[in-house]
Amino acid sequence: GDSVTQMEGPVTLSEEAFLTINCTYTATGYPSLFWYVQYPGEGLQLLLKATKADDKGSNKGFEATYRKETTSFHLEKGSVQVSDSAVYFCALGINTGRRALTFGSGTRLQVQP
Amino acid sequence: DSGVTQTPKHLITATGQRVTLRCSPRSGDLSVYWYQQSLDQGLQFLIQYYNGEERAKGNILERFSAQQFPDLHSELNLSSLELGDSALYFCASSGEVPGSGSPLHFGNGTRLTVT
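Values in this document were obtained by computation on a predicted structure and should not be read as measured data.

Rules of the game
Residues numbered from 1 in each chain as written. Chains lettered and ligands numbered in written order. Predicted model: local features only at pLDDT ≥ 70, side-chain atom pairs only at ≥ 80, totals over all residues. Heavy atoms only, no water. Helix = DSSP H or I, 4+ residues; strand = E, 2+ residues; numbered from the N terminus. Rg over C-alpha atoms; globule rule 2.2 N^0.38 Å. Contact = heavy atoms within 4.5 Å. Buried < 20%, exposed > 50% of the residue type's maximum accessible area, 1.4 Å probe, protein only. Areas by Shrake-Rupley, 256 points an atom, 1.4 Å probe, with all protein chains shown as cover. Disulfide = S-S within 2.5 Å. Polar contact = N/O pair within 3.5 Å; in protein donor to acceptor, adjacent residues only side chain to side chain. Pairing = 2+ DSSP bridges. Axes fitted to C-alpha atoms, helices over the stretch in contact; angles between N-to-C directions. Phe/Tyr/Trp six-rings, centres within 6.5 Å; stacked < 30°, edge-to-face > 60°. Core = buried A, V, L, I, M, F, W, Y, C linked by side-chain atoms within 4.5 Å.

Digging into the overall build of chain B
Phase 1: Of the regular secondary structure elements, chain B holds 0 helices and 11 strands.
Phase 2: Listing every helix and strand of chain B by position from the N terminus yields β-β-β-β-β-β-β-β-β-β-β.
Phase 3: Rg of the C-alpha trace for chain B: 13 Å, near the compact-globule value of 13 Å for 115 residues, within the 12% margin.
Phase 4: Overall, the C-alpha framework of chain B stretches about 40 × 25 × 25 Å when taken along its three principal axes.
Phase 5: Relative to all contacts within chain B whose residues are 6 or more apart in sequence, the contacts with residues 24 or more apart total 55%.

Written out as structure tokens, the structure is:
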């Protein structure tokens, strides 16, 4: 079945450090890929998405490139801020059939001033 | 603000009891999804509705049920509650047909505590 694997957290960084959160997936068909962010006490918010191979999603300084050959969708940001502290979820959605989004287990990011 | 409203925000109840969680999707969204988020299981898909019809089932227990009403709001019913049912329950909605791979818009969740 479909699955998403994310790197274990927490990831602790200093402000202005470079961020990478790894995400790999297994899917039948041609998935769309997403990164969601969850701030404390809130629901998940869509951060960025990519719908086909080699697409790059970007938002708020975050980027992720859909790599079909390595089945990956790693999240990156060049310079993190304290306000980026949150839990990040990688997810996939299949473009056919009746299936909801499949989420990874989430990676907690802690940015220290 | 995602436009998805969930009530109540918090719920504390005892084992063996039954509760109902409510979700109002974004205006115009026909699809509603329920997810359970617990510390050890991550985010688990429970069930999906589209325009009043059940479309997909995930890891939903037989003690749990849901429905989507003609006005598109949805309710998740949890019965014979156990300690392990304590979790955050999220509702999400989407404006596109199921299976399109489109993003979901999440509510802020209902935190259920079973004592």
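Focus on the overall build of chain A
Phase 1: The helix and strand inventory of chain A stands at 0 helices and 12 strands.
Phase 2: Listed N to C, the secondary structure of chain A is β-β-β-β-β-β-β-β-β-β-β-β in terms of helices and strands.
Phase 3: Scaling as 2.2 N^0.38, a compact globule of 113 residues should have a C-alpha radius of gyration of about 13 Å, and chain A matches this with 14 Å.
Phase 4: Each of the three principal axes of chain A carries a C-alpha extent, and together these read 45 × 30 × 20 Å.
Phase 5: Each of the 113 residues in chain A was classed as buried or not, and the buried ones make up 44%.
Phase 6: At a minimum sequence separation of 6, the contacts of chain A that also span at least 24 residues come to 58%.
Phase 7: Total accessible area on chain A stands at roughly 5400 Å², and carbon and sulfur atoms take up 47% of it.

Details of the state of the cysteines
Phase 1: Evaluated as defined, the whole model comprises 2 disulfides over all chains.
Phase 2: What pairs with A:C23 in a disulfide is A:C90, and their sulfur atoms sit 2.0 Å apart. With the S-S dihedral at roughly -70°, the linkage between A:C23 and A:C90 falls on the left-handed side. With A:C23 in strand 4 (residues 23–26) and A:C90 in strand 10 (residues 86–94), this residue pair connects regions lying 67 residues apart in the sequence. A:C90 matches A:C23 in its accessibility class, with the two residues each being buried.
Phase 3: The partner cysteine of B:C23 in its disulfide is B:C91, sulfur to sulfur 1.8 Å. Note on the B:C23 and B:C91 pair: the S-S dihedral is about -55°, so by sign convention the disulfide is left-handed. Note that B:C23 is positioned in strand 3 (residues 19–24) and B:C91 in strand 9 (residues 87–94), a separation of 68 residues in sequence. As far as burial versus exposure is concerned, B:C23 and B:C91 are alike and both buried.

Focus: the side chain of B:Q68
All names here are of chain B.
Phase 1: Assignment of secondary structure puts Q68 in strand 7 (residues 64–68).
Phase 2: Reaching out from Q68, the side chain makes a polar contact with the backbone nitrogen of N51 at a distance of 3.2 Å.
Phase 3: Within the structure, the side chain of Q68 is placed 2.7 Å from the backbone nitrogen of G52, a separation counted as a polar contact.
Phase 4: Q68 has contacts with L30, V32, Y49, Y50, N51, G52, E53, H73 and S74, leaving out every residue within four places of it along the chain.

Describing the sheet that holds strand 1 (residues 5–7) of chain B
All names here are of chain B.
Phase 1: The 4 strands lie next to each other as 1-3-8-7, forming an open sheet whose pairing is antiparallel. The open sheet has two edge strands with one neighbour each: strand 1 and strand 7. Strand-to-strand, the axes of this sheet are offset by a mean angle of 15°, without reference to chain direction.

Here we look at the packing of aromatic side chains
Phase 1: Per the stated rule, a full pass over the model turns up 12 aromatic pairs over all chains.
Phase 2: A centroid spacing of 6.4 Å and a plane angle of 85° characterise the contact between A:F89 and A:F103, whose relative ring orientation is edge-to-face. With a gap of 14 residues between them, A:F89 in strand 10 and A:F103 in strand 11 (residues 102–103) connect regions that are remote in the sequence.
Phase 3: The exposure class assigned to A:F103 is buried, which follows from its relative accessible area of 9%.
Phase 4: Ring centres 5.8 Å apart and planes at 45° place the aromatic pair B:Y35 and B:F106 in the tilted group. Taken together, the residues span a long stretch of sequence, with B:Y35 in strand 4 (residues 31–38) and B:F106 in strand 10 (residues 105–106) at a distance of 71 residues.
Phase 5: Three or more aromatic residues joined by ring pairs make a cluster, and in this case those are A:F34, A:Y36, A:F89, A:F103, B:Y35, B:F45, B:F90 and B:F106.

Quick look at the nonpolar core
Phase 1: Formed by 26 residues in total, the largest nonpolar core has its most connected members in A:L19, A:W35, A:L47, A:L48, A:F73, A:L75 and A:Y88.
Phase 2: Not counting residues up to four positions away in its chain, the partners in contact with A:L19 are A:V11, A:L13, A:F62, A:L75, A:E76, A:K77, A:V80 and A:L109.
Phase 3: B:V32, B:L46, B:F64 and B:L81 belong to the second-largest nonpolar core, a separate cluster that totals 21 residues.

Without other data, these values stay purely geometric and don't point to any function.
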